[in-house]
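Structure assessment
Each chain, written out:
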Amino acid sequence: MGFNPTLSLYTYPTVSFPADQRKCGQRSEFLLGSGAHGLPFLPDTVSLAARRRCLRFRSLVTEVSSRAGGAPSRRRVYRQSQGENALANPPFKQAASVVAPAGAFLAFTFVLWKLVEKLLMPKPLGTAYAKNKTSAQGINWSIAPGSNLLRGFTAKVDRESKQTLNEFAKELRSFPSVDMSGRNLGDEGVFFLAESLGYNQTVEEVSFAANGLTAAGMKAFDAVLQSNVVLKTLNLSGNPIGDEGAKCLCDILVNNAGIEKLQLNSADLGDEGAKAIAELLKKNSNLRAIELNNNMIDYSGFTSLAEALFENKSVRSLHLNGNYGGALGANALAKGLEANKSLRELHLHGNSIGDEGVRALMSGLSSHKGKISLLDVGNNAISAKGAFHVAEYVKKSKILLWLNLYMNDIGDEGAEKIADALKQNRSITHIDLGGNNVRAKGVSCIAQVLKDNAVVTALDIAYNPIGPDGAKTLLEVLKFHGKIQSLKLGWCQIGTKGAEFIADTLKYNNTISILDLRGNGLRDEGAICLARSLKVVNETLTSLDLAFNEIRDDGAFAIAQALKANEDVKITSLNLANNFLTKFGQTALTDARDHVYEMNEKEVEIFF
């Protein structure tokens, strides 16, 4: 009888043991059944000890019973529905051969299933898991702009984020300039980086602008400024530190001898914050520039700052743009300026000071013993009446270099007064009269002054409806007179006719290097006129802005040909954005740019 390794449930196998193993039981064949719980059992004829010993055997040999002579036996299938009588009737040897393997198979399957169940079934949420989840919540800081990690990230992400911040903190110890603006660091992030900045003995400028810092975060700079003695510029703009944060910071800076420039623009400061800054200015003699733009400082805060100017002898620049000083604030500030000798720049843009406020301010500046070189009173509801007071101050000033009257309403009458003042003034180099409802008459007055004034180098008349007539009057003068280097005529309604006057002036003028002609409706005709002048003669213009002018491909082709034809062209910046160019016009300009570079190795930036 040979061995067959294949077991079929449609045969009646017998279970046989090798000769040396038969001593473990009284019989070499026995029946394997199943108990009440599906577990295998042995017949009563086999002793319990023998049964235990037999279960230790490592191998079972399955023999398929056969009839004498090797003829196959009739196949019989056991059906449980046959009952006990059916089970007892077959010969004992044949019944054991079919039931024993089936019982062993069931037992093995049961054990295997329990093992798999333990491995695959999820564990219940215990206390340890809850602790891990709680500890993973919170803010994970990242150095990438705007990438402050959100809650619920895994512990691995938390570790990686902190590791990255640790590496960046090490680098902070050696950078000469640190710009961490707009990175959503928050108070915790600033405290984390404070130590590294404290160790950095080379950094002179650091910016933590727009990082969501509050008053609590200001305490981090106490340690930084105690150990860092080389830091000169601290930018905390765009953080809602409020008045409490300003007070905390001023307490830290009161004895600091390093910081020269403090920027607190858009920091939610009110009058109390301004008072804290004022007290700082009274005691600190090292600060040179204070920026408090776009806050909520009212008359009371302006008064406090004015009082500080009486005592302060070091501040050079004061920025108060976009606050609520009004006429009363300007009046208070004027009194403080009378005794101050150090201030050089005063920025009061957008404070609604009006004509009365500007009158008081100009009176204080006239009595000022210092040397104001930059005065910005733009967007302050100043009319021709207020322009008169400005003109009176301009006549007397011998130090003023920059005058900004942008976005007021001085009109032609006010422009005429400013022009008369410029006849006597020989110090102003930059003048901004943009957005003042000045027309051809007012521009004509300014133009006549420029015939004899060779000091003004930058003139901004943008956003004034001067039209082609006003452009003609101005450009006829600039063709052979004046020293204007920067001319801004954007949105002045000069049209195609005005472009012809500009093109004619560019043939002869040898000073204008920056020309702004945005939003003037030049169209293709105006662009072609300008191209003719650029094609051969002009060798001074470096920046030309033609945005918003309804220029199409024909105008682009003309300008492209001009760039290719003039080997001495000086243009390095050409703006044609917001026009009607197709890919053909853009390609022509791109080819011209490449040609200029190949021929002269000069780079021309073209904006579409």
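Predicted, not measured: the structure shown is a model, and the values here were computed from it.

A tally of regular secondary structure across the chain gives 20 helices and 20 strands. The 608 residues of the chain split such that 47% are buried. For the chain, the accessible area works out to roughly 31,200 Å², and carbon and sulfur atoms hold 52% of it.

The next subject is the nonpolar core. Residues Phe208, Leu264, Leu361, Leu474, Leu487 and Leu517 are the most contacted members of the largest nonpolar core, which totals 137 residues. When sequence neighbours within four positions are dropped, the list of residues in contact with Leu487 reads Leu459, Leu474, Leu475, Leu478, Ile512, Ile514, Leu515 and Asp516.

Now for the packing of aromatic side chains. As enumerated under the stated definition, the model contains four aromatic pairs in all. Here the aromatic rings of Tyr463 and Trp491 are separated by 5.2 Å at their centres, their planes lie at 5°, and the arrangement is stacked. In this pair, Tyr463 sits in the loop between strand 15 (458-460) and helix 16 (467-478) while Trp491 sits in the loop between strand 16 (486-488) and helix 17 (495-506), placing the two residues 28 residues apart along the sequence. Aromatic pair Phe480 and Tyr508: ring centres 5.4 Å apart, planes at 45°, arrangement tilted. Here the residue Phe480 occupies a position in the loop between helix 16 and strand 16, and Tyr508 occupies one in the loop between helix 17 and strand 17 (514-516), the gap between them amounting to 28 residues. With a relative accessible area of 46%, Tyr508 lands in the partly exposed category. A network of ring pairs unites the aromatic residues Tyr463, Trp491 and Phe548 as a single cluster.

Summed over the entire model, instances satisfying the criterion amount to 15 salt bridges. Among the salt bridges present, the one from Lys261 reaches Glu291, with a minimum N-O distance of 3.7 Å. Here Glu291 lies in strand 9 (residues 289-291) and Lys261 lies in strand 8 (residues 261-263), a separation of 30 residues in the sequence. Residue Lys261 is classed as partly exposed on the basis of its relative accessible area, which comes to 30%. Between Arg518 and Asp545 there is a salt bridge whose closest N-O contact spans 3.7 Å.

We now examine the environment of Gly585. Inspection of the secondary structure assignment puts Gly585 in helix 20 (residues 583-600). A C-alpha to C-alpha distance of 8.7 Å links Gly585 and Ala560, two positions 25 residues apart in sequence. Apart from the residues within four sequence positions on either side, Gly585 is in contact with Asp553, Ala556 and Phe557.

Moving on to the environment of Asn600. Turning to its location among the elements, Asn600 is positioned in helix 20. Looking at Asn600, the relative accessible area reads 26%, which means it is partly exposed. Distance in space between the C-alpha atoms of Asn600 and Glu567 is 7.3 Å, their sequence separation being 33 residues.

Where helix 19 (residues 553-565) meets helix 20, the closest approach of the two axes is 8 Å, and the angle between their N-to-C directions is 5°. Comparing the axis directions of helix 19 and helix 20 gives the class roughly parallel. Facing helix 19, whose interface residues are Asp553, Ala556, Phe557, Ile559, Ala560, Leu563 and Lys564, helix 20 presents Phe584, Gly585, Ala588, Leu589, Asp591, Ala592, His595 and Val596. Broken down by class, the residue content of the contact of helix 19 with helix 20 amounts to ten nonpolar, two polar and three charged.

Position of Leu422 relative to the elements: it lies in helix 14 (residues 411-424). In this structure the C-alpha to C-alpha distance between Leu422 and Val449, which are 27 residues apart in sequence, comes to 6.9 Å. Dropping the residues within four chain positions of it, Leu422 is found in contact with Ile428, Ile431, Val449 and Asn453.

The next subject is the side chain of Asn566. Structurally, Asn566 is set in the loop between helix 19 and strand 19 (573-575). On the basis of relative accessible area, Asn566 is assigned to the buried category, the value being 4%. A polar contact is formed between the side chain of Asn566 and the backbone oxygen of Leu534, at a distance of 3.0 Å. Residues within four places of Asn566 in sequence aside, it is in contact with Leu534, Lys535, Val536, Val537 and Asn538.

Turning to the side chain of Asn265, a few remarks are in order. On the secondary structure map, Asn265 appears in the loop between strand 8 and helix 9 (271-283). Taking the relative accessible area as the measure of exposure, Asn265 reaches 13% and is therefore buried. Setting aside chain neighbours within four positions, we find Asn265 in contact with Ser237, Gly238, Glu291, Leu292, Asn293 and Asn295.

Time to look at helix 14. Counted at 1.5 Å a residue, the expected span for helix 14 with its 14 residues is 20 Å, and the 21 Å between its end C-alpha atoms agrees. If you follow the buried residues of helix 14, they end up packed against helix 13 (384-396), strand 14 (430-432) and helix 15 (440-450).

Here we come to helix 9. A rise of 1.5 Å per residue sets the reference length of helix 9, with its 13 residues, at 18 Å; its end C-alpha atoms lie 19 Å apart and thus fit the reference within 8%. All of the buried residues in helix 9 are Gly273, Ala274, Ala276, Ile277, Ala278, Leu280 and Leu281. Here the buried face of helix 9 lies against helix 8 (242-253), strand 9 and helix 10 (299-311).

Positive phi values are uncommon outside glycine, yet Ala381 reaches one of about 55°. Residue position: Ala381 is located in the loop between strand 12 (374-376) and helix 13. Located in the positive-phi region is Glu550, a residue other than glycine, with phi close to 60°. Secondary-structure assignment places Glu550 in the loop between strand 18 (543-545) and helix 19. Look at Glu550 and you get partly exposed, because its relative accessible area is 33%.

Two quantities define a packed helix pair, namely the angle between the axes and the distance from one axis to the other. Close contact between helix 13 and helix 14 brings their axes to 8 Å; oriented N to C, the two are set at 5°. Overall, the two elements helix 13 and helix 14 adopt an arrangement that is roughly parallel. Contacts from Ala384, Ala387, Phe388, Val390, Ala391, Val394 and Lys395 in helix 13 reach Glu413, Gly414, Lys417, Ile418, Ala421 and Gln424 in helix 14. Per-class residue counts for the contact of helix 13 with helix 14 are eight nonpolar, two polar and three charged.

Calculation rules
Sequence order sets the numbering: in each chain, residues are counted from 1 along the sequence as written. Two thresholds apply to this predicted model, a pLDDT of at least 70 for residue-level local features and 80 or more for giving and counting side-chain atom pairs, whereas whole-chain, interface and lining totals are computed over all residues. Hydrogen atoms and water are omitted, and side-chain values are computed over all heavy atoms in the structure. Each helix is a run of DSSP H or I of at least 4 residues and each strand a run of E of at least 2, with the numbering of both proceeding from the N terminus. The buried label goes to any residue with under 20% of its type's maximum accessible area, the exposed label to any with over 50%, and the partly exposed label to all in between, with areas taken from a 1.4 Å probe on protein chains only. Accessibility throughout is a Shrake-Rupley quantity obtained with a 1.4 Å probe, and a residue counts as covered only by protein chains that appear here. In plain words, nonpolar cores are sets of buried Ala, Val, Leu, Ile, Met, Phe, Trp, Tyr and Cys residues tied together by side-chain atoms within 4.5 Å. The contact rule is simple, with two residues in contact once any of their heavy atoms fall within 4.5 Å. The aromatic pairing rule takes the rings of Phe, Tyr and Trp, using the six-membered ring of Trp, and pairs them if the centres are within 6.5 Å, calling planes under 30 degrees apart stacked, those over 60 edge-to-face and the rest tilted. When a carboxyl oxygen of Asp or Glu is within 4 Å of a side-chain nitrogen of Lys or Arg, the pair counts as a salt bridge. Helix axes are fitted to C-alpha atoms over the stretch in contact, other axes to C-alpha atoms as well, and angles between N-to-C directions run from 0 to 180 degrees. For this classification, under 35 degrees means roughly parallel, over 145 means roughly antiparallel, 65 to 115 means roughly perpendicular, and everything else is oblique. Residues were grouped as follows: Ala, Val, Leu, Ile, Met, Phe, Trp, Tyr, Cys and Pro as nonpolar; Asp, Glu, Lys and Arg as charged; and all remaining residues, including Gly, as polar. Nitrogen and oxygen atoms within 3.5 Å of one another constitute a polar contact, given that in protein one can donate a hydrogen and the other can accept it, and given that sequence-neighbouring residues count only through two side-chain atoms. To estimate the expected span of a helix, subtract one from its residue number and multiply by 1.5 Å.

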